[in-house]
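Structural features, examined
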Amino acid sequence: MNNVGVNSMNVKNMDMKNFGKVAVVCGGIGVEREVSLNSGKAVLNALLAKGVDAYHFDPKDTDILELRKYDRVFNVLHGTFGEDGGLQGMLDSFNIPYTGSGVLASAIAMDKFRCRLIWQALDLPNVPYVVLHDDSDFDSLEREFGLPLFVKPAAEGSSVGVVMVENQGDLAKIYPTLKHYHGEILAEKAITGGEYTLSLLDDQVLPSIRIIPKNKFYDYEAKYLRDDTIYQCPSDLTIDQEKQMGDLALRAFHAIGGRGWSRVDFLKGDDNKLYVLEINTVPGMTDHSLIPMAAKQAGIEFADLCLLILAKTLAET
């Protein structure tokens, strides 16, 4: 496990002309549009400040085929199309390098169910879950997992559609309200020892962050709208736990064929056991986002972080 700052390339010696014309792709038509626009604005301003020939590109406003006029793409199009392999496949067909994971890894990571099937096969510690169906025994599941438990769509990000089930009999009522989302609907056992995240720049591990929401859990509002969520960075993990989390994050990342950068989310049990929750291949880059926070703790300023992420695309040219 490499420590960031030891093997990171020296951004001061980068020739910005090597990047050519860069499209910062953000926005789109998905439910994460506003968050994506905020990420795009932050990244664009950082790249411009460093002298990169960068431009805002919103597929909602501009024909996606116009991307053929650019030399490379910094992708912060969160969620549908940008994070599920759709944009990646199009850019591959254009032979345009882009930040982050490729088609397969992106598609797998976006599908929490199939991602977990891979992790389970490799004996990575997963949060106990089941896939819900119309004929599921909801009452039995509530008894098995206990309350509260969580129910979520498998193919959405940013905690979109996640609901905490607190009262007996509510799982059967909540499940039908989530069926309009793509993919499977998952029910998960509540793991209550703490929420954490760990960010990766390829094989370099950034410091972990413990997330302490004032809400009942780290939902969309706590992530993007509230200012009272507590982020502990460095977190309260021991040195051994930090190393264990880093090793698990890298295994989870490599298992799906990830590249470039990512953020891996964890839950810690009351017995201190770590559980891999999910992986984000197009993480947020807003003022509430976690990768910039972890990078800063590691001594990497935001604009340099953006350059490091973009520089990974040079190897694809």
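No experiment lies behind these values; they were computed from the predicted model shown.

1. Considering the domain arrangement of the protein chain
Taken domain by domain, the protein chain holds domain 1 (11-99), domain 2 (108-125 + 192-281) and domain 3 (129-189). A separation of 25 Å is found between the C-alpha centroids of domain 1 and domain 2. Facing the nine residues of domain 1 at the interface are seven residues of domain 2. When domain 1 packs against domain 2, close to 710 Å² is buried across both sides, 59% of that on carbon and sulfur atoms. A per-residue breakdown of the area domain 1 buries against domain 2 is headed by Val-35, Glu-83 and Tyr-98, which together make up 57% of the total. Counting the contacts that link domain 1 with domain 2 gives two residue pairs in polar contact (both at pLDDT 80 or more). Partitioned by chemical class, the residues of the side of domain 1 that touches domain 2 number three nonpolar, four polar and two charged.

2. Observations concerning the environment of Gly-40
Within the secondary structure layout, Gly-40 lies in helix α1 (residues 33-49). Separated by 36 residues in sequence, Gly-40 and Val-76 have C-alpha atoms that sit 6.0 Å apart. Other than its neighbours up to four places away in sequence, Gly-40 contacts Val-24, Cys-26 and Val-76.

3. Structural notes on the packing of α1 against helix α10 (residues 302-311)
Interaxial distance between α1 and α10 falls to 9 Å at its minimum, and their mutual angle equals 90 degrees. In terms of orientation, α1 and α10 fall into the roughly perpendicular class. Together, Ala-42, Val-43, Ala-46 and Leu-47 of α1 and Phe-302, Ala-303, Cys-306, Leu-307 and Leu-310 of α10 make up the contact between the two elements. Tallied by class, residues from the contact of α1 with α10 come to nine nonpolar, no polar and no charged.

What counts and what doesn't
Residues numbered from 1 in each chain as written. Predicted model: local features only at pLDDT ≥ 70, side-chain atom pairs only at ≥ 80, totals over all residues. Heavy atoms only, no water. Domains from an automatic or database assignment. Contact = heavy atoms within 4.5 Å. Buried area = accessible area lost by both parts, 1.4 Å probe. Polar contact = N/O pair within 3.5 Å; in protein donor to acceptor, adjacent residues only side chain to side chain. Nonpolar A, V, L, I, M, F, W, Y, C, P; charged D, E, K, R; others polar. Helix = DSSP H or I, 4+ residues; strand = E, 2+ residues; numbered from the N terminus. Axes fitted to C-alpha atoms, helices over the stretch in contact; angles between N-to-C directions. Parallel < 35°, antiparallel > 145°, perpendicular 65-115°, else oblique.

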